[in-house]
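What follows is the residue order along each chain.
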Amino acid sequence: MDPVSVLSEPLKKTLGPATAKVLGEQLGLHTVGDLLHHYPRRYEERGQLTHLSDLPLDEEVTVVAQVADARVHTFNGGRGQRLEVTITDGSGRLQLVFFGRGVHKPHKELLPGSRAMFAGKVSVFNHRLQLAHPSYAKLGTAADGPDGSEASDASAIESWAGALIPIYPACKGMESWKVAKAVDAVLPRARDAVDPLPDVLREGRGFPSLPEALLKIHRPHTKDDVEDARARLKWDEAFVLQVALARRRHADAQLPAVARRPVAGGLLDAFDAKLPFTLTDGQRKVTGEIFDDLATEHPMHRLLQGEVGSGKTLVALRAMLAVVDAGGQAAMLAPTEVLAQQHHRSVVEMMGELAEGGMLGGAEQGTKVVLLTGSMGAAARRAALLDLVTGEAGIVIGTHALIEDKVKFHDLGLVVVDEQHRFGVEQRDALRSKGKQPPHLLVMTATPIPRTVAMTVFGDLETSVLDQLPAGRSPIASHVVPARDKPHFLERAWERIREEVDKGHQAYVVCPRIGDDEDATAQKKKAAEGPRGDDAEKRPPLAVLDVADQLSRGPLAGLRIEVLHGRMAPDDKDDVMRRFSAGEVDVLVATTVIEVGVNVPNATAMVIMDADRFGVSQLHQLRGRVGRGSAPGLCLLVSEMPEASPARARLGAVAATLDGFELSRIDLEQRREGDVLGQAQSGARSSLRVLAVIDDEEIIEAARQEAVAVVEGDPELERLPELRTALDALLDQEREQYLDKG
């Protein structure tokens, strides 16, 4: 069997169906190669006790500790039993609890003085940390002799741990030591791993071979083994990714495109003459970069990223107008109907009579701006499709409805993708394929991205950054409201909303959940399953429908309150947004459907309920909906989490700065690296396992340079079959296509 097929062999052949099923469903590990690339998260030294004083709440942990005390308590008149075990490591103590029939085995095995590895989710009971029903594996002690009762455990550990015990990313039903046992079974196959690094590069940098690196990272004898292996494996990840990106850039550079140069005295000049303000220096610089790309005869592939409210839509609109002047059409793809309708409204408002080309009262050099969404009526849809195929409409703004086969363009010259992370690859490619030749592509994101992430994730796109806010944008004050510790702070928050409304302004209240029957059913089902560790004390997230009802009957009674969420009919959503924009609604209680693109300058305040349930970047996006006019903005982050929790630290970071790039760095540091490549967006597991895009900038930069040199000399990698094989294995066709952000 050749090496490639050995590593692609399904795990069920080696490990058995039950183990393979858990590894596949819970950890996304399906093949021998997948498991070999599932690296330990950290290592425990034999004899070294972990710090129980640093346990994170609500997280799965693995600890090595000694049993200090074990006692069985009875309750319900002796009918129920509960085993409480106290473990210690010298830095702190932790209580383990076992109930019912589950007490007998641990009561016999977890005797005072014995040592074991324990795995479970950290929860709180009676203000103390605990692990409920943890899994455990006993460890031998130094005193155990060759014939001691613990000797078999000790020798088993020795066989898979050496001097260091690997702690693997694990899950319920597959603890770290079970993962280690599975790795043991496939580790001999590591010698068949195909080495992707060219020999010259590997030897020049002093790296071990790939089989040697895999052996060292899974079963190290020393800390130096771990460092050698990690250095080598980081390079693999960075290099293979950068080769994939360099090949995309090389292929894109070979594609033909129609050059679209602005025309003097055309639509763009007429639009600029209407603008009531001057462009910022940043907008001028970015526009210059885009116009230079549009003037070339191969497709532009550019990422436009910028702060909330930095004027990305205006920059994109001017690019679209330049393409219309040059005889082409432009399409803007928005992720939701609410956002598509918002973009259409704001573009038509900005253009005025220039958006009424061919219509009575329209400007002579104007064009039609049409909207195309899935919920449009048949007559309006037919009219929009006709305007597109005849070229009557120079600009179309829509949702994924733009991608359908029946949508034809006269001459599609530019595709603008807003918030690209909301779209799959197939959707973007389907829209691009509608041009006679590949159209130019502008990808916009309002989530600021650190340079290393842009280089790793968007490495096939040129990047433009807008980090300057237009004049007239107001500052936003942000504060954390500790609702549990200081309930009067929350009362004051609602008073502040009333004060803003009294001044003639409007406000948002954001909740994590909708709160309809479907949600209620899910919560009842969860409750029926009974408490599981931390779930026993957790309430469901606050819901839009519940909060709106409570506010209208309580602290905001008498104000005009409306709700907005994703399950409303499109016409209803549009109606609510129109009335809110027109000032006919005082308070909009919504889900994150308002996260991007919604622009109501009169909305000055936002209260985010259960703010700890949102990510840092998401909170920054939501906050950007206020302070868009001349009055200062206010954002209140409501949380019931304790002050010392990581969630509260996250909220404190958001409240402390309005710098989106700084917040994106914090966000990235707090999330798993696997999230960086958008696990949910690609439909595949991330190939980043040891590479840290925040910390490893030098490695990424060096790997990028090496990759460019390799691809320029050998675009098809004909002289590097091992690299080609590794590229196919790590970045299968679907994954490599995903890396093409167009």
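Preceding block: the structure.
Sequence positions are assigned chain by chain, starting from 1 and proceeding in written order. Predicted model: local features are reported for residues with pLDDT of at least 70 only, side-chain atom pairs are reported and counted for 80 or more only, and whole-chain, interface and lining totals are derived from all residues. Each side-chain value is derived from all of the structure's non-hydrogen atoms; neither hydrogens nor water enter the calculation.

## Section: the pattern of salt bridges
Note the following rule: Definition used for salt bridges: Asp or Glu carboxyl oxygen within 4 Å of a side-chain nitrogen of Lys or Arg.
Evaluation of the coordinates by the stated rule reveals 33 salt bridges. Measuring nitrogen to oxygen at the nearest pair gives 3.2 Å for the salt bridge that ties Glu-175 to Lys-178. Within this structure, Arg-492, Glu-495, Arg-496, Glu-499, Glu-500 and Lys-503 form a network of salt bridges that share partners.

## As for the sheet that holds strand β13 (residues 412–418)
Quick note on the threshold: Note on pairing: DSSP must find at least two bridges between two strands before they are called paired. In this description a helix means any DSSP run of H or I spanning at least four residues, a strand means any run of E spanning at least two, and both kinds are numbered starting from the N terminus. All axes are obtained by fitting lines to C-alpha atoms, using only the stretch in contact for helices, and the reported angles, taken between N-to-C directions, cover 0 to 180 degrees. Any two residues having at least one pair of non-hydrogen atoms within 4.5 Å are treated as being in contact.
As summarised here, the arrangement of the 7 strands in space is β11-β12-β10-β13-β14-β9-β15, forming an open sheet in which the pairing is parallel. Bordering the open sheet on either side are β11 (368–372) and β15 (462–466), each of which pairs with just one other strand. With direction set aside, neighbouring strand axes in the sheet form an average angle of 20 degrees. Pairing of strand β9 (residues 301–306) with strand β14 (residues 440–445) involves 5 bridges; the strand directions are parallel. The residue bridging His-301 from the neighbouring strand is Leu-441, located in β14. On top of the sheet, helix α13 (residues 312–325) reaches β9, β10 (329–333), β12 (393–398), β13, β14 and β15; it is set at about 170 degrees to β13, its chief contact.

## Some words on empty space enclosed by the protein
Rules: Lining residues are defined by having an atom within 4 Å of a point belonging to a cavity or pocket. Those points lie on a 1 Å grid over the protein atoms alone, cavities being sets where a 1.4 Å probe fits but cannot get out and pockets being open sets with protein on both sides within 12 Å along at least five of seven lines. Grid points are joined across faces, edges and corners, and a volume is the space filled by probe spheres set on the points. For this scheme, ten residues count as nonpolar: Ala, Val, Leu, Ile, Met, Phe, Trp, Tyr, Cys and Pro. Four count as charged, namely Asp, Glu, Lys and Arg, and the remainder, Gly too, count as polar.
Inspection of every chain in the model, using the stated rule, returns 1 cavity of 30 Å³ or more. In this structure, the largest cavity occupies an estimated 50 Å³ of space. Contributing to the lining of the largest cavity are Ala-257, Val-258, Arg-260, Asp-411, Leu-412, Gly-413, Lys-436, Gln-437, Pro-438, Pro-439 and His-440. For the lining of the largest cavity, a count of residues per class yields 5 nonpolar, 3 polar and 3 charged.

## What to know about unusual backbone geometry
Stated precisely, the cut-off is as follows: Here's how the labels work: a residue is buried when its accessible area is under 20% of the maximum for its type, exposed when over 50%, partly exposed in between, all with a 1.4 Å probe on protein chains only.
The residue Asp-610 is not glycine, and still its phi comes out positive at about 50 degrees. Relative to the assigned elements, Asp-610 resides in the loop between β20 (603–608) and α22 (616–623). The phi angle at Leu-717 is positive, at roughly 55 degrees, despite the residue not being glycine. Structurally, the position occupied by Leu-717 is in the loop between α26 (697–713) and α27 (721–730). Residue Leu-717 is classed as buried on the basis of its relative accessible area, which comes to 1%.

## Let's talk about the nonpolar core
Which entries qualify depends on this criterion: In this description, a nonpolar core means a group of buried Ala, Val, Leu, Ile, Met, Phe, Trp, Tyr and Cys residues linked to one another through side-chain atoms lying within 4.5 Å.
Ile-290, Met-351, Ile-395 and Leu-414 are the most contacted members of the largest nonpolar core, which totals 36 residues. Going through the elements one at a time, α11 (267–274), α12 (281–294), α13, β10, α14 (337–351), β12, β13 and β14 are the ones with two or more residues in this core. Dropping the residues within four chain positions of it, Leu-414 is found in contact with Leu-294, Met-300, Ala-319, Met-320, Val-323, Gln-329, Ala-330, Ala-331, Pro-439, His-440, Leu-441 and Leu-442.

## Topic: the sheet that holds strand β19 (residues 587–590)
If you walk across this open sheet you meet the 6 strands as β16-β21-β20-β17-β19-β18, and the pairing is parallel. At either margin of the open sheet sits one strand with a lone partner, and together these are β16 (476–482) and β18 (561–564). The sheet shows a mean angle of 20 degrees between the axes of neighbouring strands, taken without regard to direction. Relative to strand β21 (residues 633–639), β16 runs parallel, the two sharing 7 bridges. If you follow Ile-476 over to β21, its bridge partner there is Gly-633. Lying over the sheet, helix α21 (residues 570–581) contacts β17 (506–510), β18, β19 and β20, oriented at roughly 135 degrees with respect to β18. Set on the sheet, α22 makes contact with β16, β17, β20 and β21; between it and β20 the angle comes to about 150 degrees.

## Let's talk about the environment of Leu-402
Here Leu-402 is to be found in the loop between β12 and β13. Sequence separation between Leu-402 and Gly-374 is 28 residues; the distance between their C-alpha atoms is 8.7 Å.

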